[in-house]
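# Report on the structure
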2 protein chains.
Amino acid sequence: MKCLHVIALLGCTASTAQAQTVVRAGEAPAKPGPATNFTGTVSVRTMAEVIAPGQAGAALVTFQPGARTNWHTHPAGQILYVTEGCGWIQEEGSPVIRVCEGVTIHARPGAKHWHGATSSQGMRHLAVTETIDGKPVDWLEPVPASQYHGPAR
Amino acid sequence: MKCLHVIALLGCTASTAQAQTVVRAGEAPAKPGPATNFTGTVSVRTMAEVIAPGQAGAALVTFQPGARTNWHTHPAGQILYVTEGCGWIQEEGSPVIRVCEGVTIHARPGAKHWHGATSSQGMRHLAVTETIDGKPVDWLEPVPASQYHGPAR
């Protein structure tokens, strides 16, 4: 991650930062979302590391059309903010819903869910996830095409 | 706050929500930022309430040109994501820096800081703030014009 510290010579280890960190989206390196946890083409840019006693970190996650997370849960929940495009999200037992730029989603602690692009349009969201006992997420099974596409919508 | 639950009949009390909450920016009511904590015209839309064991909540905060927070600290820090426009932010003892759409700022726990619009351009950011022992923020003194404008920039 390239960080522009207010005092630039301090280096860039957010967990021990001596000044607030300022990260521009285009400067944080994009890492591919691994196939073990995602379907399709996904990139993840870490924007804010956890700094204790805070437990929240942030990442910008970009999904190409058709891409989505596996099903997963977060022990302390997750706040998503859609910054570009439109996507689909689903909590287990509920219908898929469409979300576009400017929408905030709060996934409950422990709720099984997935999120991603629509089949025809990419989506980027800021994901703010809290880490409890060193764990931000429990990854589960992929979302198969039949479930992803679901009923016509 | 108007919430569109996945199961809409569940009602809208995020702290006891039975399904993930989805809030569109234009639907959350805008409340004025009080003059005790802000200078100028500021509106605050709550987008995500804290749900234990999570400790993070989110708000979209819109600053008209010239508007800014008072100096303040957060016991667990704060993650800001600029969604529109450009603003100025400052941590005590460091220069003012300019931030625009797409920038993420991570203010350290306990660090005294302020944020707001520039003098000529409005700014909106998502503010994700963690609450510890019931407290998300300690408000301090206003940022006077001389400090806000500072050296030419």
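The preceding data block contains the structure.
Residues numbered from 1 in each chain as written. Chains lettered and ligands numbered in written order. Predicted model: local features only at pLDDT ≥ 70, side-chain atom pairs only at ≥ 80, totals over all residues.

Right, let's get into the overall build of chain A. Looking only at helices and strands, chain A features one helix and 13 strands. Ordered by position from the N terminus, the helices and strands of chain A form the series β-β-β-β-β-β-β-β-β-β-β-β-β-α. Counting the 153 residues in chain A, one finds 44% classified as buried. Residue pairs in contact within chain A that sit at least 24 positions apart in sequence constitute 65% of those at least 6 positions apart. (Helix = DSSP H or I, 4+ residues; strand = E, 2+ residues; numbered from the N terminus. Buried ≥ 20, exposed ≤ 12 C-beta atoms within 10 Å, placed from the backbone. Contact = placed C-beta atoms within 7 Å.)

Residue-level contacts link 42 residues of chain B with 42 residues of chain A. At the level of elements, strand E1 (21–24), strand E4 (42–48), strand E5 (56–63), strand E8 (78–91), strand E9 (97–100), strand E10 (103–107) and strand E12 (123–130) of chain B are the ones that each hand at least two residues to the side of chain B that touches chain A. Top element by residues in the side of chain B that touches chain A is E10 of chain B. It accounts for five residues. Within the side of chain B that touches chain A, the residues separate by chemical class into 28 nonpolar, ten polar and four charged. Taken together, the four bridges between strand E10 (residues 103–107) of chain A and E1 of chain B define a ladder with antiparallel strand orientation. Residue pairing across strands places Val103 of chain A opposite Arg24 of chain B, the latter belonging to E1 of chain B. (Nonpolar A, V, L, I, M, F, W, Y, C, P; charged D, E, K, R; others polar. Pairing = 2+ DSSP bridges.)

This brings us to the pairing of strand E12 (residues 123–130) of chain A. In the case of a regular strand, side chains alternate between the two sheet surfaces. All names here are of chain A. Counting buried positions along E12 yields seven of eight residues, so the element is predominantly enclosed. In terms of strand pairing, strand E8 (residues 78–91) meets E12 through seven bridges, oriented antiparallel. Looking at the pairing, Leu80 lines up with Ala127 of E12.

Our next topic: the relation of the copies chain B and chain A. Structural alignment of chain B on chain A gives an RMSD of 0.0 Å, achieved by rotating through 180° and translating 0.0 Å along the axis. Put plainly, the chains are arranged around a two-fold axis. Comparing interface residues between copies, 100% of those in chain B also sit at the interface in chain A, which points to an isologous, same-surface contact. (Least-squares fit on C-alpha atoms with pLDDT ≥ 70 in both.)

Before going further, it helps to spend a moment on the environment of Ser146 of chain A. Residue placement: Ser146 of chain A occurs in helix H1 (residues 145–149). It is 26 Å that separates the C-alpha atoms of Ser146 of chain A and Val103 of chain A, two residues lying 43 residues apart in sequence.

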